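Per-entry structural report
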2 protein chains.
Amino acid sequence: MPDKVIIAVDAMGGDDAPGVVLEGCAAALAADPDLHVVLCGPADVVGPFSVAHERCTAQPAEEVISMGEHPANAVRRKKDSSIVVGCRLVKEGAAQGFFSAGSTGACLAAATLVMGRVRGVSRPALATVIPSPVRPVVLTDIGANADCKPAYLVQFAQMATVYMEKVVGVANPRVALLNIGEEDTKGSAFAQEAHALLREHVPNFAGNGEGCDILPAKFDIFVTDGFTGNVCLKTIEGTSKTLFKALKGIFMNTLFTKLGALALKGGLKGLMERVSPDTYGGAPLLGVRGACIVGHGSSSPLAVKNGVLTTARTVRERVSETIEQTVGAPDTAPEASDPVR
Amino acid sequence: MPDKVIIAVDAMGGDDAPGVVLEGCAAALAADPDLHVVLCGPADVVGPFSVAHERCTAQPAEEVISMGEHPANAVRRKKDSSIVVGCRLVKEGAAQGFFSAGSTGACLAAATLVMGRVRGVSRPALATVIPSPVRPVVLTDIGANADCKPAYLVQFAQMATVYMEKVVGVANPRVALLNIGEEDTKGSAFAQEAHALLREHVPNFAGNGEGCDILPAKFDIFVTDGFTGNVCLKTIEGTSKTLFKALKGIFMNTLFTKLGALALKGGLKGLMERVSPDTYGGAPLLGVRGACIVGHGSSSPLAVKNGVLTTARTVRERVSETIEQTVGAPDTAPEASDPVR
């Protein structure tokens, strides 16, 4: 659906910013002729890049929020930071979406405070596409809400369904509650209550799924609270990384094993690509007004490129607007009037 | 420490019982000349085996608790089941430890109800040795307590420390709280409270650890509630299994890749063994009077053998008695009088 879309990009987000971000933006602009980028960052960084590239505008923002800072405090204090300025552009209509590979906490705080929540959404949730070798799986919440009420998970499921259908391109996704047993009555008091609410309010809810069901993609979407989701996502990352590292040690052991590994190179490269988080390039914050996608701090130029393109797709597919229509329906909102802390 | 020890074994536990259990018992008896086994199960199964093997006694138990049954109900109703009979032998002093590869829930219920809790322990916790390729890591609770109070985690840490030192053989293990950020102030309200209590009461507490720190063994012990721990453990299992399956597909692709894989066979076999749950053979239920170890339902004969030997080691190393001394100390028990639900 190639129509003009304007994405604000945080030039200073990520471990290797701004170099990696600029390289990723250039690749995204080259890949999508209807994409416009507003690059937010120090004038001496964003100015020259915008001059050198078509469809790119510079938006000076002289402050930077670093990874170590307290997110909410930093967002309140640093009004001229690349993250706050980028979110403000979306709020004011100068851009339609925002991408950053910077501090996840600061992006969540800025997007929620500045861009604002979609009407009817109790809590925006962070989702991610788990790079399963089988097929893509969406996990949410992966950390926006460390403390949840069971009712929040209904909206998490509804929002993830919209994202999975519109952006990942999976029709009629099956939603599972991440739980510690398959049977309906299993789990903590929280999980049992969430199960009952999902059963009642989410037509595509398919029951409980376990940790071992995620990578084999037994369901399309796994919903959980932000604490469990974050532990789970990082456990997948740590497990894959450690196993690949151990494999590499085996491959490099002797000349003989090196030759063996050479024969497998093509296949292994394909597997590494399929399970790489770079393929999807970021985690959408679902439930804010406009698109907001947060990339990994260690994003490569490819991850930034894909993150920016995914943000554009999220805008074009009207994810935010569809979420408003979905969660707004009266019979799908068990606790929509729940006050924000 | 080879002195005589008597272990009750559930002959009917596991997907391939009793065959796999009997094979594992025979291997354990052959490996440890001071081990005695009391085999619990139907007379026609346990009788002939006990006649054929030295240091093995038969204890008829005609009922079987299956995987699908409601654990607490089954334990109350089936007094003559192999699980309940095995736990009763420990209670009565006819055996010192119990091993089963049967229903985890039924073993937890029977051990807690029949064997009883160690004095001062609020909640027994299920622990497991995560087969990391780096070095062994203990994760607890992995599912005995889906709903926890933060104070429980103090005892989980203390009990896991005893097990890690005495049975796994790691001196001065470093304990981490499984959390969603490294900084002390990160996490849910539950995690923040648990962090403060661990800091106060557990001298070997080393701070927060994340999901990505488990398999790389950044800490020796990870403590968490039974919901998060179970999701996390199953996520590790599902991730490893899916990646190994994908690798196998690559290896078997063509004659050329098959030859390549052949060169790597030795190294890959070693890695598979290091990350196999069979190596440790089961999850100890810490905090019950006597030793109780629960094996995976899909345990191999090797896993049963190692499970029985680990149960014997848990008895010989006086884990239960040491836990009583440790959690009994008044300044280490923030909420020891907490009533059982």
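Residues numbered from 1 in each chain as written. Chains lettered and ligands numbered in written order. Predicted model: local features only at pLDDT ≥ 70, side-chain atom pairs only at ≥ 80, totals over all residues. Heavy atoms only, no water.

Brief notes about the overall build of chain A
- For chain A, the count of helices and strands is 11 helices and 11 strands.
- Relative to the 2.2 N^0.38 estimate, which gives 20 Å for 341 residues, the radius of gyration of chain A is 20 Å and therefore close to what a compact globule would have.
- If one aligns the C-alpha atoms of chain A with their principal axes, the spans along those axes are about 65 × 60 × 40 Å.
- The contacts in chain A between residues at least 6 apart in sequence include a share of 71% that link residues at least 24 apart.
- Of the roughly 13,300 Å² that chain A leaves accessible, carbon and sulfur atoms contribute 55%. (Helix = DSSP H or I, 4+ residues; strand = E, 2+ residues; numbered from the N terminus. Rg over C-alpha atoms; globule rule 2.2 N^0.38 Å. Contact = heavy atoms within 4.5 Å. Areas by Shrake-Rupley, 256 points an atom, 1.4 Å probe, with all protein chains shown as cover.)

With respect to the packing of aromatic side chains
Residue and element names in this part refer to chain A.
- Here the structure, examined in full by the defined rule, presents 3 aromatic pairs over all chains.
- With 5.8 Å between their ring centres and 85° between their planes, F219 and F222 make a pair best called edge-to-face.
- Classification of F222 by relative accessible area gives buried; the value is 0%. (Phe/Tyr/Trp six-rings, centres within 6.5 Å; stacked < 30°, edge-to-face > 60°. Buried < 20%, exposed > 50% of the residue type's maximum accessible area, 1.4 Å probe, protein only.)

Some details on helix α8 (residues 226–251) of chain A
Residues and elements named next belong to chain A.
- Here α8 is 26 residues long and its end C-alpha atoms lie 37 Å apart, about the 38 Å a rise of 1.5 Å per residue gives.
- The buried count for α8 comes to 21 of 26 residues, which makes it a mostly enclosed element.
- Sitting at the head of α8, D225 places a side-chain oxygen 3.0 Å from the backbone nitrogen of F227. (Expected span 1.5 Å × (residues − 1). Polar contact = N/O pair within 3.5 Å; in protein donor to acceptor, adjacent residues only side chain to side chain.)

Section: the relation of the copies chain B and chain A
- When chain B is fitted to chain A, the residual RMSD is 0.0 Å, and the transformation amounts to a turn of 180° plus an axial shift of 0.0 Å. Taken together, these values place the two copies in the relation of a two-fold axis. Taking C-alpha positions as reference, the residue of chain B nearest the rotation axis is G260(B), located at 1.8 Å.
- A share of 98% of the interface residues of chain B reappears at the interface of chain A, consistent with the copies meeting face to face through the same patch. (Least-squares fit on C-alpha atoms with pLDDT ≥ 70 in both.)

What to know about the side chain of D32(A)
Residue and element names in this part refer to chain A.
- On the secondary structure map, D32 appears in the loop between α1 (19–31) and β2 (35–41).
- Within polar-contact distance, the side chain of D32 engages the backbone nitrogen of D34 at 2.9 Å.
- Apart from residues no more than four positions distant in its own chain, D32 is found in contact with R55, L309, A312 and R316.

Describing the packing of α1(A) against helix α10 (residues 301–316) of chain A
Residues and elements named next belong to chain A.
- As a packed pair, α1 and α10 sit with axes 7 Å apart at the nearest point and diverge in direction by 50°. Here α1 is positioned oblique relative to α10, judged by the angle of their axes. Note on packing geometry: the crossing formed by α1 with α10 is right-handed. Here V20, V21, E23, G24, C25, A27, A28 and A31 of α1 lie close against α10, whose contacting residues are P301, V304, K305, V308 and L309.
- By residue class, the composition of the contact of α1 with α10 is 10 nonpolar, 1 polar and 2 charged. (Axes fitted to C-alpha atoms, helices over the stretch in contact; angles between N-to-C directions. Parallel < 35°, antiparallel > 145°, perpendicular 65-115°, else oblique. Left-handed = near helix turned anticlockwise from the far one by under 90°. Nonpolar A, V, L, I, M, F, W, Y, C, P; charged D, E, K, R; others polar.)

Considering the sheet that holds strand β10 (residues 283–286) of chain B
All names here are of chain B.
- Spatial ordering of the open sheet is given by β3-β2-β1-β4-β11-β10-β5-β6-β9-β7-β8, a layout of 11 strands whose pairing is mixed. In this open sheet, the two edge strands, each paired with only one partner strand, are β3 (56–60) and β8 (205–209). Direction aside, the axes of adjacent strands within the sheet are offset by 25° on average.
- Sheet topology places strand β7 (residues 175–178) next to β8; 3 bridges connect them, and they run parallel. Directly across from V175, in β8, lies its bridge partner F205.
- Those strands touched by helix α1 (residues 19–31) are β1 (5–10), β2 (35–41) and β3, and its axis lies near 165° from that of β2. (Pairing = 2+ DSSP bridges.)

Examining helix α4 (residues 82–91) of chain B
Residues and elements named next belong to chain B.
- Of all 10 residues in α4, 8 are buried; the element is thus mostly enclosed.
- Among the residues of α4, those classed as buried are S82, I83, V84, V85, G86, C87, L89 and V90.
- Among the structural elements, β1, β2, β3, α3 (71–77), β4 (97–100) and α5 (104–115) are those in contact with the buried residues of α4.
- Note on α4: the residue one or two positions beyond its end, G93, has a positive phi of about 85°.

Points about the interface of chain B and chain A
- Every contact between the two is made by 46 residues of chain B and, on the other side, 45 residues of chain A.
- When the two sides are added together, the surface that chain B and chain A hide from each other amounts to roughly 3,900 Å², 79% of it contributed by carbon and sulfur.
- Among the residues chain B hides against chain A, the three largest losses belong to I180(B), F227(B) and L243(B). Together they make up 16% of the total.
- At the surface where chain B touches chain A, the tally comes to 2 salt bridges.
- In this structure, K234(B) engages E210(A) in a salt bridge whose closest nitrogen and oxygen atoms are separated by 2.3 Å. (Buried area = accessible area lost by both parts, 1.4 Å probe. Salt bridge = Lys/Arg side-chain N within 4 Å of Asp/Glu carboxyl O.)

Focus on the environment of I65(A)
Residue and element names in this part refer to chain A.
- Considering the arrangement of structural elements, one finds I65 in the loop between β3 (56–60) and α3 (71–77).
- The class of I65 is buried, set by a relative accessible area of 8%.
- In this structure the C-alpha to C-alpha distance between I65 and A106, which are 41 residues apart in sequence, comes to 7.5 Å.
- If we ignore the near neighbours within four places in the chain, the residues touching I65 are A74, V75, K78, S81, I83 and A106.

Points about the pattern of salt bridges
- Under the counting rule described, the total for this entry stands at 20 salt bridges over all chains.
- As a salt-bridge pair, D184(A) and R199(A) come within 3.2 Å of each other at their nearest N and O atoms. Residue D184(A) is located in the loop between β7 (175–178) and α7 (189–201), and its partner R199(A) is located in helix α7; the two are separated by 15 residues in the primary sequence.
- Assessed through its relative accessible area of 42%, R199(A) is described here as partly exposed.
- E69(B) is paired through a salt bridge with K78(B); the nearest N and O atoms lie 2.8 Å apart. Of the two residues examined, E69(B) and K78(B), each falls in the buried class.
- Several salt bridges share partner residues, and in doing so they unite D3(A), D32(A) and R316(A) into one network.

A closer look at the pairing of strand β11 (residues 291–294) of chain A
Residues and elements named next belong to chain A.
- Covered by surrounding structure in β11 are A291 and I293 together with C292 and V294, the residues of both alternating faces.
- With 4 bridges connecting them, strand β4 (residues 97–100) and β11 associate as parallel partners. Among the inter-strand pairings, S100 is bridged to a residue of β11, identified as V294.
- Note that strand β10 (residues 283–286) and β11 share 2 bridges and pair antiparallel. Paired with P284 across the strands is I293, a residue of β11.
- In textbook terms, the turn of a hairpin is the stretch between consecutive antiparallel strands, and for β10 and β11 this stretch comprises 4 residues, one of which, G287, has a positive phi near 105°.

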